[in-house]
Number of protein chains: 2
Amino acid sequence: MEKVGLFHFVAEPYLMDFRGRVTLPMIGNYLIHAASSHAGERGFGFNDMSERHTAWVLSRLAIEMKEYPTAFDKINLYTWIDEVGRLFTSRCFELADENGKTFGFARSIWAAIDVETRRPTLLDIEALGKYIDERPCPIEKPGKIMPAENKAEGIPYSIKYSDLDINGHFNSVKYIEHLLDLFDIDQFKTREIGRLEIAYQSEGKQGMPLTLHKAESDPDKQDMAICHEGKAICRAAVTWR
Amino acid sequence: MEKVGLFHFVAEPYLMDFRGRVTLPMIGNYLIHAASSHAGERGFGFNDMSERHTAWVLSRLAIEMKEYPTAFDKINLYTWIDEVGRLFTSRCFELADENGKTFGFARSIWAAIDVETRRPTLLDIEALGKYIDERPCPIEKPGKIMPAENKAEGIPYSIKYSDLDINGHFNSVKYIEHLLDLFDIDQFKTREIGRLEIAYQSEGKQGMPLTLHKAESDPDKQDMAICHEGKAICRAAVTWR
């Protein structure tokens with residue numbers, strides 16, 4: 001089995017944003033599809049993990065887009081493992097058009113948790129390690145994100161049916177959607193998100209009252225947070241160009 | 001070209017709801033994918049319509065599910081045209097598993113609008129009519145939905161970046177998502193939506209303050225509406241079992 005997986009998508013016009021571009025939540029869905037298919041084909045997918053009473057949990061994600069695909073663009077999504085540690089594994093992505101021109105890159109960090117205790121479990125370094133590939137992913141690793149909740153008032157939000165994933169937790173992609181929706185629509189008319197970075201810190205669940213925060217420290221970069229009782233369950237940073 | 005189109009999907013676990021079932025908004029996306037692909041393959045898709053400065057607009061949709069697909073289920077989605085009129089065409093759908101067992105049926109009604117004036121245009125009855133198929137779609141046609149806005153207080157909602165489609169209007173599937181999110185998560189634990197019906201009456205746009213209404217007349221059936229300045233831009237009815 002090849003180390004690098006290649007998955008094909010077509011940017012569907014009915015899923016585009018008002019500018020006719022693929023949205024970051026949609027890119028998030030592509031990445032998760034590719035990650036789970038790549039893992040599944042290599043014996044460490046959703047079903048393999050379930051058998052061991054474990055599940056992959058996305059811990060951090062950074063997406064950098066040079067250019068966003070537009071309607072009917074064919075997208076080649078490459079994904080590979082670049083590091084495996086005791087508790088975390090790092091997976092990279094490249095999105096390219098059919099001629100090989102890069103749309104963007106992404107980096108993700110995953111942990112395997114026990115589905116009962118929800119605590120991290122040790123990774124099978126040997127099994128995962130044999131798929132590590134040196135393919136370059138020339139974007140910064142996910143780093144420290146500054147707290148936003150002490151700089152900006154929160155907008156109250158209660159978790160709804162559509163927010164929950166198969167584990168009954170706040171869906172990783174829905175976090176991105178709700179955070180981007182804190183920006184005024186007009187901002188998307190003249191500017192573009194160059195980099196989105198998100199750190200999932202703890203699991204959002206039904207009945208948890210949340211607050212959504214966006215710290216306006218810099219016109220080009222905002223720190224964001226989703227908090228429960230004042231404590232961040234998720235932090236994000238968005239860089240515009 | 002066959003009259004009935006067949007499209008294949010796999011129910012991805014990361015897109016399931018907390019019960020491990022495919023959501024109605026996801027089914028809406030499948031239907032729209034199948035409808036636009038079926039139309040595109042027969043010369044009346046998004047691009048063909050754009051060339052004539054027209055676009056398909058979903059006017060009504062009814063979905064009846066006997067059973068919801070669960071994680072990794074293969075879904076065969078059949079779609080065909082069952083009626084063509086001067087201004088509207090009706091398209092049916094059947095969702096089945098790989099052995100032919102029906103998950104559910106759907107009926108949709110579409111108009112073609114002029115992209116500049118946003119007014120309906122006459123359909124090419126001859127061109128569309130040659131694809132009409134008699135395949136059965138044993139669910140009730142979309143019918144009259146009672147107003148909910150005079151029976152239930154509205155919850156204010158402002159249109160966000162993620163709500164807008166490529167035409168800059170409220171995305172058809174996002175309407176469904178926001179309406180279902182008016183139900184308490186607990187309701188989905190013990191009950192199931194048997195039928196969802198939605199009528200798109202006018203286009204929601206950036207900056208339009210909206211109200212979301214759910215009339216609790218019957219524990220098994222609710223009428224819903226999305227209003228702008230007291231006038232419904234969308235009505236829906238949900239039947240539970």
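Under an unreviewed UniProt entry, chain A has the name Thioesterase and belongs to Parabacteroides distasonis. The Sequence similarities (unreviewed entry) comment attached to chain A in UniProt states, word for word, "Belongs to the acyl-ACP thioesterase family."

> Got a minute to help me understand the relation of the copies chain A and chain B in this structure?
Copy one and copy two of the chain differ by a rotation about a common axis and a shift along it. The transform that puts chain A on chain B rotates by 180° and translates by 0.0 Å along the axis, for an RMSD of 0.0 Å. Taken together, the rotation and translation describe the operation of a two-fold axis. The fraction of interface residues of chain A whose copies in chain B are also interface residues reaches 100%, indicating that both copies meet through the same surface.

> I tried to follow helix α1 (residues 24-41) of chain B on my own but got confused; where do I start?
All names here are of chain B. If you check α1, its first and last C-alpha atoms are 25 Å apart, about what 18 residues at 1.5 Å a residue would give, namely 26 Å. For α1, the tally of buried residues reaches 15 of 18 residues, placing the bulk of the element in the interior. With its phi angle positive at about 90°, G43 sits one or two positions after the end of α1.

> It is not clear to me how the packing of helix α1 (residues 24-41) of chain A against helix α4 (residues 172-180) of chain A should be interpreted in this structure. Could you clarify?
When two helices pack together, their arrangement is given by the angle between the helix axes and the distance between those axes. All names here are of chain A. Where α1 meets α4, the axes come as close as 9 Å, and the angle between the chain directions of the two elements is 165°. As summarised for this structure, α1 and α4 are arranged roughly antiparallel, according to the angle between their axes. Considering the relative orientation of α1 and α4, their crossing is right-handed. Residues L24, P25, G28, N29 and I32 of α1 form the contact with α4, whose own contacting residues are V173, I176, E177 and L180. A per-class count over the contact of α1 with α4 returns six nonpolar, two polar and one charged.

> I would appreciate a short explanation of α4 of chain A in the present structure.
Along an α-helix, a turn takes 3.6 residues, which lines up residues three or four apart on a common side. Residues and elements named next belong to chain A. Of all nine residues in α4, eight are buried; the element is thus mostly enclosed. Turning to α4, its buried residues number three or more, namely V173, K174, Y175, I176, E177, H178, L179 and L180. Sitting at the amino-terminal end of α4 is N171, which places a side-chain oxygen 2.8 Å from the backbone nitrogen of V173.

> Looking at this model, I keep getting lost on the sheet that holds strand β3 (residues 74-84) of chain A. Mind explaining?
Residues and elements named next belong to chain A. Spatially, 10 strands are ordered β1-β3-β4-β5-β2-β7-β10-β9-β8-β6 in an open sheet, and the strand pairing comes out antiparallel. A strand with exactly one partner marks an edge of an open sheet, and here the two such strands are β1 (5-10) and β6 (155-158). Going from strand to strand, the sheet's axes swing by 25° on average, the running direction of each strand aside. Of the strand pairs in this sheet, strand β2 (residues 54-65) and strand β7 (residues 193-200) are connected by five bridges, and their pairing is antiparallel. Counterpart to L61 in the pairing with β7 is I198. Sheet strands in contact with α4 are β2, β6, β7, β8 (209-215), β9 (221-228) and β10 (231-240), and its direction is about 130° off that of β7.

> Would you mind going over the pattern of salt bridges with me for this structure?
Proximity of charged atoms lets side chains of opposite charge pair with each other. Scanning the model with the defined rule gives 35 salt bridges over all chains in all. R118 of chain B is paired through a salt bridge with E203 of chain B; the nearest N and O atoms lie 2.8 Å apart. Separated by 85 residues along the polypeptide, R118 of chain B in the loop between β5 (102-114) and α3 (125-129) and E203 of chain B in the loop between β7 (193-200) and β8 (209-215) bring together distant segments of the chain. For E203 of chain B, a relative accessible area of 27% translates into the label partly exposed. Taken together, the salt bridges that share partners define one network made up of D17, R19, R21 and E192 of chain A.

> For this particular structure, what's the right way to read the domain arrangement of chain A?
Put simply, an interface is often sized by how much accessible area is lost when its parts join up. Residue and element names in this part refer to chain A. Each domain of chain A was delimited in the assignment, giving domain 1 (2-128) and domain 2 (153-238). On a C-alpha basis, the centroid separation for the pair domain 1 and domain 2 is 20 Å. Taken together, the contact pairs 20 residues of domain 1 with 22 residues of domain 2. Between domain 1 and domain 2 lies a buried interface of about 1,800 Å² when both sides are counted; carbon and sulfur atoms form 57% of it. Among the residues of domain 1 in contact with domain 2, F18, P25 and R118 are the three that bury the most area, contributing 25% of the side total. Taken together, domain 1 and domain 2 are joined by four salt bridges. E192 is the partner of R21 in a salt bridge, and the nearest nitrogen-oxygen pair spans 2.2 Å. On the surface where domain 1 and domain 2 come into contact, there are 12 residue pairs in polar contact (both at pLDDT 80 or more). Listed by contribution, the elements that provide at least two residues to the side of domain 1 that touches domain 2 are α1 and β2.

> Honestly, the nonpolar core in this entry has me stumped. Any pointers?
A general trend in soluble globular proteins is that nonpolar side chains are found buried together. Ranked by internal contacts, the top residues of the largest apolar core, which has 110 residues, are L24 of chain A together with L24 of chain B. Not counting chain neighbours up to four residues away, the residues in contact with L24 of chain A comprise I63, M65, Y68, I176, L180, I193 and L196 of chain A.

> Even after reading the chapter, I still don't get unusual backbone geometry, so can you show me in this structure?
The general pattern is negative phi for most residues beyond glycine and trans for most peptide bonds. Phi is positive for R118 of chain A, which is not a glycine, with a value near 60°. One non-glycine residue, H53 of chain B, lies in the positive phi region at around 60°. For H53 of chain B, the location among the structural elements is in the loop between α2 (46-51) and β2 (54-65).

> Just checking my understanding: could you explain the interface of chain A and chain B for this structure?
Counting from both sides, the interface comprises 36 residues of chain A and, opposite them, 36 residues of chain B. Interface area for chain A against chain B, summed over the two sides, is near 3,200 Å², with a carbon-plus-sulfur share of 59%. Counting across the chain A and chain B interface gives two salt bridges. The closest approach of N and O atoms between K174 of chain A and E177 of chain B, which form a salt bridge, is 2.4 Å. Inspection of the region where chain A meets chain B yields 16 residue pairs in polar contact (both at pLDDT 80 or more). Of all the elements in the fold, those that place two or more residues in the side of chain A that touches chain B are α1, α2 (46-51), α4 and α5 (187-190) of chain A. With four residues, the top contributor of residues to the side of chain A that touches chain B is α1 of chain A.

How each quantity is defined
- Residues numbered from 1 in each chain as written.
- Chains lettered and ligands numbered in written order.
- Predicted model: local features only at pLDDT ≥ 70, side-chain atom pairs only at ≥ 80, totals over all residues.
- Heavy atoms only, no water.
- UniProt positions renumbered as here; feature names shortened; annotations may be inferred.
- Least-squares fit on C-alpha atoms with pLDDT ≥ 70 in both.
- Contact = heavy atoms within 4.5 Å.
- Helix = DSSP H or I, 4+ residues; strand = E, 2+ residues; numbered from the N terminus.
- Expected span 1.5 Å × (residues − 1).
- Buried < 20%, exposed > 50% of the residue type's maximum accessible area, 1.4 Å probe, protein only.
- Axes fitted to C-alpha atoms, helices over the stretch in contact; angles between N-to-C directions.
- Parallel < 35°, antiparallel > 145°, perpendicular 65-115°, else oblique.
- Left-handed = near helix turned anticlockwise from the far one by under 90°.
- Nonpolar A, V, L, I, M, F, W, Y, C, P; charged D, E, K, R; others polar.
- Polar contact = N/O pair within 3.5 Å; in protein donor to acceptor, adjacent residues only side chain to side chain.
- Pairing = 2+ DSSP bridges.
- Salt bridge = Lys/Arg side-chain N within 4 Å of Asp/Glu carboxyl O.
- Domains from an automatic or database assignment.
- Buried area = accessible area lost by both parts, 1.4 Å probe.
- Core = buried A, V, L, I, M, F, W, Y, C linked by side-chain atoms within 4.5 Å.

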